[in-house]
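So you can see what is in the structure, the chains are spelled out below.
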Amino acid sequence: MKKNTYWQDKIVLITGGSSGFGREIAEGFAREGAKIILAALEPEILDAAVKEMRIKYPETYGFPVNITQEGDVQALFKYICDHFGALDCLVNAAGRTDRGKIIDCTAEHFQKIMELNFIALTRVTQHFLPLLLQTHGHIINIGSLASKAASRWTGAYPASKHAVAAYSQQLRLELQDTGLKVLLVCPGPIQRETERLYPLEGLEDLPETARRPGAGVKVKRIPPEKLVTQILRSAEKGLPEIVMPGKARFLFTICQLWPRLGDWLILKNT
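Residues numbered from 1 in each chain as written. Predicted model: local features only at pLDDT ≥ 70, side-chain atom pairs only at ≥ 80, totals over all residues. Heavy atoms only, no water.

Peer 1: Summarise helix α1 (residues 20–31); cite the residues concerned and give the values.
Peer 2: The end-to-end C-alpha distance of α1 is 17 Å, a good match for the 16 Å that 12 residues give at a rise of 1.5 Å each. The element α1 is extensively covered by neighbouring structure, given that nine of its 12 residues are classed as buried. Of the positions making up α1, those classed as buried are F21, G22, R23, I25, A26, E27, G28, F29 and A30. (Helix = DSSP H or I, 4+ residues; strand = E, 2+ residues; numbered from the N terminus. Expected span 1.5 Å × (residues − 1). Buried < 20%, exposed > 50% of the residue type's maximum accessible area, 1.4 Å probe, protein only.)

So this is what it looks like as structure tokens:
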């Protein structure tokens, strides 16, 4: 079978790339021969990730950055310009989930979640757009099923991911003639060796299911390697969006056309 060489030697920046699904994405690009820059908040975890990846993939680099800070993102931009002079792909994978009752979410709480999940994403994208336009490159924004439909007990998270979906669409609409390709990735809960349970300190009045990925959404966990492969192939083809599992598209269509029925189905399946 002929090896795919599309990503060979392409320069790929991944925010939140030192752990979690960001790390899975980094490994996927590295296997395809890309040069990887991991950008992450915690230097110790970042250094460990770079060292581990370099054993198999020497062209792995790291840069500690707090993407909620303008000065940090400017320093990251300078580093990439000085060391690589170009950028072929930006993967906005940094973000955090949330739990809580919407009635308890203050404006300050929304601001905190939006700052990382959305505002920081736009900050990074804005800085690197000139380089990506030069290479007719790729932006891959990691959203969620929550980018398309909200669910209970997930606090400010759905609003922040809806914003990512709208921003991705606007980038596609306004920059469609430049050669830039924008992919929005909307996955359900991702399969882990040990299922991650979210703490509910101070939120003891929430149901126990709120601790689970997707706040108890009744969908099969997605193997990370399957999702990464889908991301690589979809980006290569210039597709605008991935929704996994695909059957969730039917729910999203119903939510748009018949909101009351959509609400009933979400309540039934979470």
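Peer 1: Go over the packing of α1 against helix α6 (residues 224–237) with me, naming the residues and quoting the values.
Peer 2: At a minimum axis distance of 9 Å, the contact between α1 and α6 shows a crossing angle of 55°. In terms of their interaxial angle, α1 and α6 are classed as oblique. When you trace α1 past α6, the crossing you get is right-handed. Contact residues: F21, E24, I25, G28 and F29 in α1; P224, L227, V228, I231 and L232 in α6. For the contact of α1 with α6, the residue count by class is eight nonpolar, one polar and one charged. (Axes fitted to C-alpha atoms, helices over the stretch in contact; angles between N-to-C directions. Parallel < 35°, antiparallel > 145°, perpendicular 65-115°, else oblique. Left-handed = near helix turned anticlockwise from the far one by under 90°. Contact = heavy atoms within 4.5 Å. Nonpolar A, V, L, I, M, F, W, Y, C, P; charged D, E, K, R; others polar.)

Peer 1: Describe the nonpolar core, and please don't skip the residues or the numbers.
Peer 2: Nonpolar side chains in soluble globular proteins generally cluster together in the buried interior. Formed by 41 residues in total, the largest nonpolar core has its most connected members in L13, L76, I80, L87 and F128. Among the secondary structure elements, those contributing two or more residues to this core are β1 (11–15), β2 (35–40), α3 (70–83), α4 (107–134), α5 (157–175), β6 (181–187) and α7 (248–257). Apart from residues no more than four positions distant in its own chain, F128 is found in contact with L13, L76, F77, I80 and L87. (Core = buried A, V, L, I, M, F, W, Y, C linked by side-chain atoms within 4.5 Å.)

Peer 1: I'd like a description of the environment of L197, backed by residues and values.
Peer 2: By the element assignment, L197 lies in the loop between β6 and α6. The exposure class assigned to L197 is partly exposed, which follows from its relative accessible area of 37%. When the C-alpha positions of L197 and P213 are compared, they lie 6.9 Å apart, and in sequence the two are 16 residues distant. In contact with L197, not counting residues within four places along its chain, are R211 and R212.

Peer 1: Got a sec to walk through the packing of aromatic side chains? Specific residues and values, please.
Peer 2: All chains considered together, the criterion is met by seven aromatic pairs. Plain terms: the ring middles of Y6 and W7 are 4.8 Å apart, the flat faces sit at 85° to each other, and that makes the pair edge-to-face. By relative accessible area, W7 is classed as buried at 0%. Among the aromatic residues, those joined into a ring-pair cluster are Y61, F63, Y79 and F84. Taking the ring centre of Y6 as reference, the NZ or CZ of K10 above it sits at 4.4 Å. (Phe/Tyr/Trp six-rings, centres within 6.5 Å; stacked < 30°, edge-to-face > 60°. Lys NZ or Arg CZ within 6 Å of the ring centre and 35° of its normal.)

Peer 1: If you had to explain the pairing of β1 to someone new, which residues and values would you point to?
Peer 2: Each regular strand displays side chains that alternate between the two surfaces of the sheet. Taken across its five residues, β1 has five buried, putting it largely inside the fold. Of the two faces of β1, the one holding I11, L13 and T15 and the one holding V12 and I14 are both buried throughout. Where β1 lies against β2, five bridges are found, and the strand directions are parallel. Each bridged residue has a counterpart across the sheet, and for L13 the counterpart in β2 is I37. A crossover links β1 with its parallel partner β2, the connecting element being α1, and its sense is right-handed. (Pairing = 2+ DSSP bridges. Right-handed = clockwise from strand over helix to strand, strands pointing away.)

Peer 1: Got a sec to walk through the pattern of salt bridges? Specific residues and values, please.
Peer 2: Summed over the entire model, instances satisfying the criterion amount to nine salt bridges. In this structure, R123 engages E115 in a salt bridge whose closest nitrogen and oxygen atoms are separated by 3.5 Å. By relative accessible area, which is 25% here, E115 ends up partly exposed. E241 is the partner of K148 in a salt bridge, and the nearest nitrogen-oxygen pair spans 2.7 Å. Of this pair, K148 sits in the loop between β5 (138–142) and α5 while E241 sits in strand β7 (residues 241–244); the two residues are 93 residues apart in sequence, bridging distant segments of the chain. Several salt bridges converge on common partners, so that one network encompasses R23, E27 and E52. (Salt bridge = Lys/Arg side-chain N within 4 Å of Asp/Glu carboxyl O.)

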